[in-house]
Amino acid sequence: MRREVTDPTTPIIIPTNGWIADNGNGTYTNPIMWGDYPDNDIIRVGDTYYMSSTSMHLFPGCPIMSSKDLVNWEYESYAVDRMEGDPYDLIHGDVYDEGPWATSLRYHNSKFHLMFNINGDAAYVSIADRAKGPWTLYKLEDELYDPGLLFDDDGKIYVVHGQGELYLSELAIMDEATGRLSIISKREPGAKRNGKKIYAYPCSGHPYHGYNEGAHVYKIDGRYYILTTPIWKHGSKKEVAIRTKDLANGPYEVEDIMASFMNFWGNGIHQGGIVDVPQEDGSSEWWAIIFQDRSKLGRVPTLQPVTWKNGWPYMGQVDGEKAVATHRKPNISNLEYVEPKGPPTSDDFSTNTLGLQWQWNHNPDNRKWSLEERPGFMRLHTSSVTDNLTYARNTLTQRVVGPDCIGMVKLDVGHMADGDFAGLCLMQKNFTFIGIKNEEGHKSILINDNATEHVCVNISAGMKDVWLRAEIPRHEYRMEFSYSLDGIHFTRLGGRYDMHYGTYVGMRFGIFNYATTNLGGYVDVDSFELTTTENQGNLFGINRKIDAERYDDQKFVSDKELQINSITEWTNDDVNSGYDLSISNLKDGDWLQYDQVDFGAGDAAWFNARVASSLTGGTIEVRLDRIDGDLISTLHISNTGDINKYVNAKSDLTKKVSGKQKVYLVFHGASQNMCKLNWFMFGSGEFPQIPPVPENLTVVGENESILNMKWDDSPGALQYDLMFDGSVISNAASDFSQTGLAPRSSHTVKVRAKNFAGYSEWSDEVTTVNH
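S.K.: I would appreciate a short explanation of the overall build of the chain in the present structure.
M.R.: Each helix and strand in the chain was counted, giving zero helices and 59 strands. The C-alpha radius of gyration computed for the chain amounts to 27 Å, which stays within 12% of the reference 28 Å derived for 771 residues, consistent with globular compactness. If you line up the chain on its principal axes, its C-alpha atoms span 80 × 70 × 50 Å. Contacts in the chain between residues at least 24 apart in sequence constitute 64% of all its contacts with a sequence separation of at least 6. Element-wise, carbon and sulfur atoms account for 46% of the exposed surface of the chain, whose accessible area totals about 28700 Å². For the chain, the distance from the average site of its 71 positive side-chain charges to the average site of its 104 negative ones is 2 Å.

Shown next as structure tokens:
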């Protein structure tokens, strides 16, 4: 199916460098980088903060980043240029999900030390005089799983490591000039790890009987602290601190220091480091950078304040039970203005060095790419013969950015050889791509979903310039593709595809060119552009939805059993499970705070919310500045008869509001489980009427695996939902394709229209057999 994308309801795209956490008003909003930067470690060297991360099968690996304020970060270098061995080159195997794991970053004797482990191989340490490198990589004598490196103040060097059980190993500097380290401890007889077993966090029922990993080690005020990650509730993880005055012998005390899902249900914040921020009076603030796993998007770093209480470094608030979503920035002494910005994304390839936002899928073949053969372009020669993108060398990747984004690449495909494929993909190990196929002198644009071709359209054999676009709508877990032959008019190709989740590394955009028959062809990459509908932090305007879970703060009390406070959960009214989020467990007296709602010149006339409730009498008060501030609207919550059935509800604003305002939604009604809130908005003009039922639904088979669905525009509709074989596909647009169907299979289809007022009834059902 092909459709020119001219839908006026398509979100306005604001070109940015992706998510910018700094709100520009002295606060920041988590995550500080909305992309895959896992296994964070953090140190301070002078007035600069440095962070390391893991990137496993991507090279160069182990990014090193710097910041002056702990909020705005930029790339410095990569600590690992490449790893040796055929599987790292996608020859006779692969290292998906392997490679460098769980970095530990420390600064000692004027040198940066970056330690990591490779499972089944050994621990490594990469050393540099400057964060920008160059880095020198050394292999150690044994494995040190998830190492936590400590240079003690008595001159000794330790690593706490392990999974399930924690071990203590001792190292020594073998060469003062290079800083090279060697493991001087040995494995005890019958031990699983090097060194001495020191601690196992109790975890009943777990196969390890004491799951614990991701160690970071500190010595603070005469005590040793090991920050580690055990299993927690709902199969998730939390962060604990283990403290002792004798690292090797104990006794050891343990305390939860971060046990929170923040605003993303089911995945606890865990595995990170802490750092001091010196104050002018000689005291210190302490802060943590610690990640939250957001599934296919990856593991995103959050910045949490650290409060020392009774000798424990609690992260966030409420003794570690509440992670902060929006918070004041760290108080950095004598710091000049820092411009709010995110890491780079878009690239026009105008320099002769590759931007640090890029990493190759496995080691690159450096003979087969160039930024100099055609200045202003990246030339990608085919480097491997394969029929599967998973095993194609020289796929150039960068992170998908949340909460939504579009990646677009411009390619010159005039020099592809017969049998070559080139294009733009979204991948972890498995993939979906939109690409160009050159076959027997004919070019076509196709969608390939994990080695299955779904739809294909022929283009002129002489066509050179092609624009390919991949769109990731909220909330990151599905994708749609389109193409253009002029860079202006885009045609959607294929249907909607679920991201293929299968590795720890988050989803990546990838630019590729591989051969299926013989090497020799090449493409020139003119540019890659990443755009997003977000601009800066939680800044919201009128006439667009505000996702409820994007709150800046909420009412919260101590709740170790996770039963009292409102929580974020997935809605269940979309076939794309894990797509849309709501706030649930709302009750009388709860409130949600949104710090920056921009009412502009004061045109907002009504408040609108999508809510679900099985009770009667609940209300949402909309107040400014405080929970008892000016009341500007009161919305009465409908009883939908089902706590999971949502409706759109509306109330008028009682006064004119202009400029940026802090908005509180205050809930009144039942004492528990009163309602769920999916989204809300402030709108101008007349409140719309629910659109009529779409007419003239047609379902036509394009081939044996594709059904195309069309219907007439419904007046006032902004989007449409399809019910395909009894499951709802939300936010579809006419035309829409369902691909990958079994030949001669029977299907039923209905469609409904929707806007801010609500949903039409479903259309009459159409039944068809796919021929």
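S.K.: Sorry, what's going on with the packing of aromatic side chains here?
M.R.: For any two aromatic rings, the description comes down to two numbers: the centre-to-centre distance and the angle of the planes. Summed over the entire model, instances satisfying the criterion amount to 33 aromatic pairs. Judged by centre distance (6.4 Å) and plane angle (65 degrees), the rings of Y28 and W287 are edge-to-face. Linking Y28 in strand β2 (residues 27-29) with W287 in strand β22 (residues 284-293), this pair joins segments that are 259 residues apart in sequence. Judged on exposure class, the residue Y28 and its partner W287 are both buried. Judged by centre distance (6.1 Å) and plane angle (55 degrees), the rings of F481 and Y497 are tilted. Here F481, found in strand β36 (residues 478-484), pairs with Y497, found in strand β37 (residues 491-498); they are 16 residues apart in sequence, far enough to count as distant. Accessibility assignment for this pair places F481 and Y497 in one class, buried.

S.K.: So what exactly am I meant to see when it comes to the nonpolar core here?
M.R.: Side chains of a nonpolar character, in soluble globular proteins, are inclined to be buried together. L70, W73, M378, I445, L468 and F509 are the most contacted members of the largest nonpolar core, which has 69 residues in total. Other than its neighbours up to four places away in sequence, W73 contacts I32, M33, I42, Y49, Y50, M51, M65, S66, S67, I289 and P343. Within the second largest apolar cluster, 32 residues are counted, among which are L586, Y594, L624 and M674.

S.K.: How should unusual backbone geometry be read in this particular structure?
M.R.: Working note: non-glycine residues mostly have negative phi, and peptide bonds are mostly trans. Cis peptide bonds are those with omega within 30 degrees of zero, and the linkage from N30 to P31 qualifies with 0 degrees. Within the secondary structure layout, P31 lies in the loop between β2 and β3 (41-45). Along the chain, S734 connects to D735 via a cis peptide bond; the corresponding omega equals 5 degrees. Examined against the element boundaries, D735 turns out to sit in the loop between β55 (727-732) and β56 (736-738). For A451, which is not glycine, the phi torsion reads 80 degrees and is therefore positive. By the element assignment, A451 lies in the loop between β33 (442-449) and β34 (452-459).

S.K.: Is there a simple way to explain the sheet that holds strand β4 (residues 48-52) in this structure?
M.R.: Pairing between the strands of a sheet is mediated by backbone hydrogen bonds and can be parallel or antiparallel. Ordered by their spatial adjacency, four strands build an open sheet running β3-β4-β6-β7, and the pairing between neighbours is antiparallel. Across the chains shown, the open sheet's two edge strands, defined by having one partner strand only, are β3 and β7 (74-80). Each strand axis lies, on average, 25 degrees off the axis of its neighbour in the sheet, ignoring direction. Note: β3 against β4, five bridges, orientation antiparallel. Counted as the bridge partner of R44 is Y49 from β4.

S.K.: I keep staring at the environment of G24 and nothing clicks. Help me out?
M.R.: Along the chain, the position of G24 falls in the loop between β1 (2-4) and β2. Sequence-wise, G24 and N696 are 672 residues apart; in three dimensions their C-alpha atoms are separated by 50 Å.

S.K.: I'm lost on the pattern of salt bridges in this one. Help?
M.R.: Within this structure, the stated rule accounts for 46 salt bridges. Across the pair E321 and K560 runs a salt bridge, and its minimum N-O distance is 3.3 Å. With E321 in the loop between β24 (312-315) and β25 (326-328) and K560 in the loop between β42 (553-554) and β43 (567-570), this pair connects stretches of sequence that are 239 residues apart. If you follow the salt bridges from partner to partner, you end up with E373, R374, R379, D412, K464 and D524 in one network.

S.K.: When you look at the sheet that holds strand β53 (residues 706-710) in this model, what are you seeing that I'm missing?
M.R.: Taken together, three strands build an open sheet; the order of strands is β52-β53-β56 and the sheet is antiparallel. Of all the strands in the sheet, the pair left with one neighbour each is β52 (698-703) and β56. Taking the axes of each pair of neighbouring strands and ignoring which way they run, one obtains an average angle of 30 degrees across the sheet. Relative to β56, β53 is paired through three bridges, and the arrangement is antiparallel. When the bridges of β56 are listed, M709 appears paired with F736.

S.K.: Any chance you could explain the environment of V324 here in plain terms?
M.R.: Residue position: V324 is located in the loop between β24 and β25. By relative accessible area, which is 3% here, V324 ends up buried. Taking the C-alpha atoms as reference points, V324 and G266, 58 residues apart in sequence, are found 16 Å from one another. Dropping the residues within four chain positions of it, V324 is found in contact with Y28, N30, M262, L303, Q304, P305, G316 and Q317.

S.K.: Could you clarify how one ought to interpret the side chain of S66 in this entry?
M.R.: Mapped onto the elements of the fold, S66 is located in strand β6 (residues 61-67). For S66, the side chain forms a polar contact with the side chain of E76, separated by 2.6 Å. Once you skip the residues sitting within four places of it in the chain, S66 turns out to touch T48, Y49, Y50, N72, W73, E74 and E76.

S.K.: Please explain the environment of Q596 as it appears in this structure.
M.R.: Turning to its location among the elements, Q596 is positioned in strand β45 (residues 591-598). If near-sequence neighbours (up to four positions away) are discounted, Q596 is found in contact with N23, N25, N538, L539, F540, D552, K660 and Q661.

S.K.: So what exactly am I meant to see when it comes to the pairing of strand β31 (residues 420-427) here?
M.R.: Of all eight residues making up β31, eight are buried, and the element is well covered by its neighbours. Across the two faces of β31 the burial is the same, with D420, A422, L424 and L426 and F421, G423, C425 and M427 all buried. Examined bridge by bridge, β31 and strand β38 (residues 508-515) share eight bridges and lie antiparallel to one another. The residue bridging F421 from the neighbouring strand is Y514, located in β38. Connecting β31 to the next strand, strand β32 (residues 431-439), in antiparallel fashion are three residues.

S.K.: Could you clarify how one ought to interpret the confidence of the model for the chain in this entry?
M.R.: Where the model shows low pLDDT, its predicted coordinates should not be examined in detail. Averaged over all residues, the pLDDT of the chain equals 92, while 95% of them reach at least 70. pLDDT under 50 marks residues 1-15. Its contacts with residues more than four places away, or in other chains, come to 45 contacts.

What counts as what
- Position numbers for residues start from 1 in each chain and track the written sequence from start to end.
- In keeping with the model being predicted, local features are shown solely for residues with a pLDDT of at least 70 and side-chain atom pairs are shown and tallied solely at 80 or more, while totals for entire chains, interfaces and linings include all residues.
- For the side-chain quantities, the full set of heavy atoms in the structure was used; hydrogens and water were omitted.
- Secondary structure counts use DSSP, requiring at least four H or I residues in a row for a helix and at least two E residues in a row for a strand, with both numbered from the N terminus.
- Two things to know: the radius of gyration comes from C-alpha atoms, and the globule rule equals 2.2 Å times the number of residues to the power 0.38.
- We call two residues contacting when some pair of their heavy atoms lies within 4.5 Å.
- Calculation of accessible area relied on Shrake-Rupley with a 1.4 Å probe; when residues are assessed, cover is drawn exclusively from the protein chains displayed.
- Here Asp and Glu are counted as negative and Lys and Arg as positive; His is not counted, and neither are the chain ends.
- For this purpose, a charge sits on NZ of Lys, CZ of Arg, CG of Asp or CD of Glu.
- Ring geometry is summarised as follows: Phe, Tyr and Trp rings, the Trp one being its six-membered ring, pair when their centres sit within 6.5 Å, and such pairs are stacked at plane angles under 30 degrees, edge-to-face over 60 and tilted between the two.
- Three labels apply to residues, based on accessible area from a 1.4 Å probe with only protein chains included: buried if under 20% of the type maximum, exposed if over 50%, partly exposed otherwise in between.
- Take the buried residues of types Ala, Val, Leu, Ile, Met, Phe, Trp, Tyr and Cys, join any two whose side-chain atoms come within 4.5 Å, and each joined set is a nonpolar core.
- If DSSP finds at least two bridges between two strands, the strands pair.
- Throughout, an axis means a line fitted to C-alpha atoms (over the contacting stretch in the case of helices), and angles, computed between N-to-C directions, take values from 0 to 180 degrees.
- Put simply, a salt bridge is a Lys or Arg side-chain nitrogen that is within 4 Å of an Asp or Glu carboxyl oxygen.
- Under the rule applied, a polar contact is a pair of N or O atoms within 3.5 Å (in protein, one hydrogen donor and one hydrogen acceptor; residues adjacent in sequence only if both atoms are side-chain atoms).
- In predicted models, pLDDT denotes the confidence assigned by the predictor to each residue on a 0 to 100 scale.

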